[in-house]
Every structure is written in C-alpha cells, then in structure tokens.
Amino acid sequence: MDPRTVTLLAAERERREIDRIDPQGLVGEDEAYRLQFEGIADKLARGEQIVGLKTGLTSKAKQQTMGVLQPILGHLLGSGLVSNGGVVDTKPLIHPRAEPEIAFRLGRDLNGPTTVAQAKAAAATVMPALEIIDSRFKDFKFGLGDVIADNTSAARVVLGPETPVSSDYELKLVGMVYSKNGEVMATASGAAILGDPWEALAWLATRASELGRPLKAGQVALAGALTDAVFVHPGDAVRLEFDRLGVLDASFA
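Residues numbered from 1 in each chain as written. Predicted model: local features only at pLDDT ≥ 70, side-chain atom pairs only at ≥ 80, totals over all residues. Heavy atoms only, no water.

Caption draft 1: Fine view of the overall build of the protein. Helix and strand content of the protein: 6 helices and 14 strands. Against the compact-globule benchmark of 18 Å for 253 residues, the protein has a radius of gyration of 17 Å, which places it among compact chains. Across the 253 residues of the protein, 54% fall into the buried class. Long-range pairs, those at least 24 residues apart, make up 77% of the contacts in the protein with a sequence separation of at least 6. A total of about 10600 Å² of accessible surface is found on the protein, and carbon and sulfur atoms cover 51% of it. A distance of 2 Å separates the average location of the 27 positive side-chain charges in the protein from that of its 33 negative side-chain charges. (Helix = DSSP H or I, 4+ residues; strand = E, 2+ residues; numbered from the N terminus. Rg over C-alpha atoms; globule rule 2.2 N^0.38 Å. Buried < 20%, exposed > 50% of the residue type's maximum accessible area, 1.4 Å probe, protein only. Contact = heavy atoms within 4.5 Å. Areas by Shrake-Rupley, 256 points an atom, 1.4 Å probe, with all protein chains shown as cover. Lys, Arg positive; Asp, Glu negative; His and termini not counted. Charge placed at Lys NZ, Arg CZ, Asp CG, Glu CD.)

Caption draft 2: How the structure looks around helix α6 (residues 197-210). Here α6 is 14 residues long and its end C-alpha atoms lie 20 Å apart, about the 20 Å a rise of 1.5 Å per residue gives. Among all positions of α6, only Pro197, Trp198, Ala200, Leu201, Ala202, Trp203, Leu204, Ala205, Thr206, Arg207, Ala208 and Ser209 are buried. Directly beyond the C-terminal end of α6, a positive phi value near 80° is found at Gly212. (Expected span 1.5 Å × (residues − 1).)

Caption draft 3: Representation of empty space enclosed by the protein in the model. A complete count under the given rule lists 1 cavity of 30 Å³ or more for this structure. In this structure, the largest cavity occupies an estimated 120 Å³ of space. Lining the largest cavity are 13 residues; nearest its centre among them are Leu8, Leu9, Ala149, Asp150 and Asn151. Secondary-structure elements contributing two or more residues to the lining of the largest cavity are α1 (3-14) and α2 (29-45). (1 Å grid on protein atoms, 1.4 Å probe; cavity = no way out; pocket = protein on both sides within 12 Å on 5 of 7 lines; lining within 4 Å. Points joined across faces, edges and corners; volume = space filled by probe spheres on them.)

Caption draft 4: Here's a closer look at the packing of aromatic side chains. For the coordinates displayed, the defined rule picks out 5 aromatic pairs. Arranged with centres 6.5 Å apart and planes meeting at 55°, the rings of Phe137 and Phe142 form a pair that is tilted. Here Phe140 and Phe231 contribute two aromatic rings whose centre-to-centre distance is 6.4 Å and whose plane-to-plane angle is 80°, an arrangement assigned as edge-to-face. Residue Phe140 is found in the loop between β6 (123-133) and α5 (144-149), and its partner Phe231 is found in strand β12 (residues 230-231); the two are separated by 91 residues along the sequence. With a relative accessible area of 37%, Phe231 lands in the partly exposed category. Between Arg97 and the ring centre of Phe140, over which it is positioned, the NZ or CZ distance is 4.2 Å. (Phe/Tyr/Trp six-rings, centres within 6.5 Å; stacked < 30°, edge-to-face > 60°. Lys NZ or Arg CZ within 6 Å of the ring centre and 35° of its normal.)

Caption draft 5: Here's a closer look at the pattern of salt bridges. The full count for this structure, using the stated rule, is 16 salt bridges. Between Glu210 and Arg207 there is a salt bridge, and its shortest N-O distance comes to 3.0 Å. Linking Glu210 with Arg207, this pair stays in helix α6, spanning 3 residues, or about one helical turn. For Glu210, a relative accessible area of 55% gives the class exposed. We note a salt bridge from Arg239 to Asp249, for which the minimum N-O separation is 2.7 Å. Of this pair, Arg239 sits in strand β13 (residues 237-242) while Asp249 sits in strand β14 (residues 246-252); the two residues are 10 residues apart in sequence, bridging distant segments of the chain. According to the relative accessible area criterion, Arg239 is partly exposed, its value standing at 36%. (Salt bridge = Lys/Arg side-chain N within 4 Å of Asp/Glu carboxyl O.)

Caption draft 6: Inspection of the layout of surface pockets at higher detail. Counted as a void, the second largest pocket has a volume near 460 Å³. Around the second largest pocket, the lining comprises 24 residues; the ones closest to its centre are Glu12, Lys43, Glu48, Ser79 and Arg156. Of all the elements in the fold, those that place two or more residues in the lining of the second largest pocket are α1, α2, β2 (72-77) and β7 (154-159). It is β7 that provides the largest number of residues to the lining of the second largest pocket, a total of 4 residues. Its residues placed into classes, the lining of the second largest pocket shows 9 nonpolar, 4 polar and 11 charged. (Nonpolar A, V, L, I, M, F, W, Y, C, P; charged D, E, K, R; others polar.)

Caption draft 7: Expanded view of the pairing of β7. With respect to burial, β7 is a largely interior element, 5 of its 6 residues being buried. Strand direction decides the pairing type here: strand β3 (residues 81-83) and β7, joined by 3 bridges, are parallel. Across the sheet, Leu81 pairs through a bridge with Val157, a residue of β7. (Pairing = 2+ DSSP bridges.)

Caption draft 8: Expanded view of the sheet that holds strand β9 (residues 175-180). As summarised here, the arrangement of the 5 strands in space is β4-β14-β13-β9-β10, forming an open sheet in which the pairing is mixed. Across the chains shown, the open sheet's two edge strands, defined by having one partner strand only, are β4 (87-88) and β10 (183-189). Across 6 bridges, β9 lies against β10 in antiparallel orientation. Each bridged residue has a counterpart across the sheet, and for Val177 the counterpart in β10 is Thr187.

Caption draft 9: Geometry of the environment of Gly218. For Gly218, the location among the structural elements is in the loop between α6 and β11 (220-225). On the basis of relative accessibility, which here comes to 39%, the residue Gly218 falls in the partly exposed class. In this structure, the C-alpha to C-alpha distance between Gly218 and Val238, residues 20 residues apart in sequence, is 27 Å. Every residue in contact with Gly218, bar those within four places of it in the chain, is listed here: Arg105 and Leu106.

So, in structure tokens, the structure goes:
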C-alpha cells in the first residue's frame, strides 16, 4: 500500500491531524483517485460497505479557489450513515463540520455518460441530507490532491425524509434554511449546486463511470453542499428545513 494511504488511514483511525501529503501540489487527479480507491479497498477488506458516492467542490467559487474546472467525488460508507433525528458521535472525528445537501436514491443503475434527463429517470427519490465532513489535515487546509486522496473529507451523512421524484421536479428552485441551536446559519436554493442539483447528479454519474465506479440502483448520491460548512461540537443541534423536501434534524454528542 502507498505510504501516503497508510498515513491517511492511520490518521483517521487515531483521530489526529496530519500535514498535507501533497504540500507542493504535485499530485494529479488520477494519482489522487488511485490513493482514495486504495484507502476504500482497505476499508472494504475490513468489512465496510459502499452505500453511495458524493460530490465535492460543486460551487464555482470553491472550484476557483482550488484551481479546478470540475467537481470531485468520494465514497459514502455504511458506517457513516445516520438516520433523520439521530445523534452523530463526534468522538471518532477530528474537527467535524456540517453542511446541507440534497441527496438522491437511485432506482436504476447509471453507467456511462449521463444526461440530466437520464439522471432524472434513474433517481427514485430525493431527500435533504446533512454531510459531516472531517478532513484529516491540519486546520482543514489542503490542496486538490490532498482532499481527493482523503476521500473528499467524507465522514458521516444524515439522510432526511425521501420524496418520490416526479418528472417536473425543479430542484434548483427548492429553498432551504440551515439552523444550528435555533440560530439561522444560512439560507440557499438548489441552484447553489452547479446551478441545478440534477446537473450534479449527471456529472457524478458520468465521472464515476469514467473512474470505473458507476452508480448502482439503491445507492445514495450526494449532489453537493448548498452552503459553507459550519463547525459542530457535542451538544449542538442542527435543523435543515427544505421547501417540498421536508425537515432534517441531527444532534451531536
């Protein structure tokens, strides 16, 4: 196993920050994904299960900051799923942050280049989601190669109520209010995700297929963050209120 993968896996298990593995920005996307997949393979060998995929850097501003022209993807693991209203244990995490997202559950496989129309036809349900990200790097500072290798900072995800998809579902118009401990942190609409969350799902399906990781029926796909992530600590309570999609609650302990 690559020593950089060993370092990342050990940091996650031991709950400790590490220096960047690519401080000079020399690791390209292909190599970074190879490191990510190596780490995922190790977890699968230890009994983990892939339950879906996620997108990262779906905001144009974040892409410009990172110097990339497209989003990135990571894996969702079964051990990271939390039900709506559930409690997220922060003890295994280093410096968790939470960000509101829109998620899909697929009713059929998506393999190969995918259009928005094909993505809509494949999605069975849509739901609010709260992703808890937890970079292994000091001060949450990293470059593109670092974050891809680190499975795009994936840690936990809370899934809200599932709504059946209809052909006229305009997710870009769906509004959201993000609150922590009763205080509004941010508001946004679905258009914050690549202009339309359906575009994000189509991109994810296409890119995942290119990388040999096509989306499968039953899997969850996270479209990307609607707002910036907010630090969360034991005792915090988070609520996402979505127009048409319902309410998601999570607490942290």
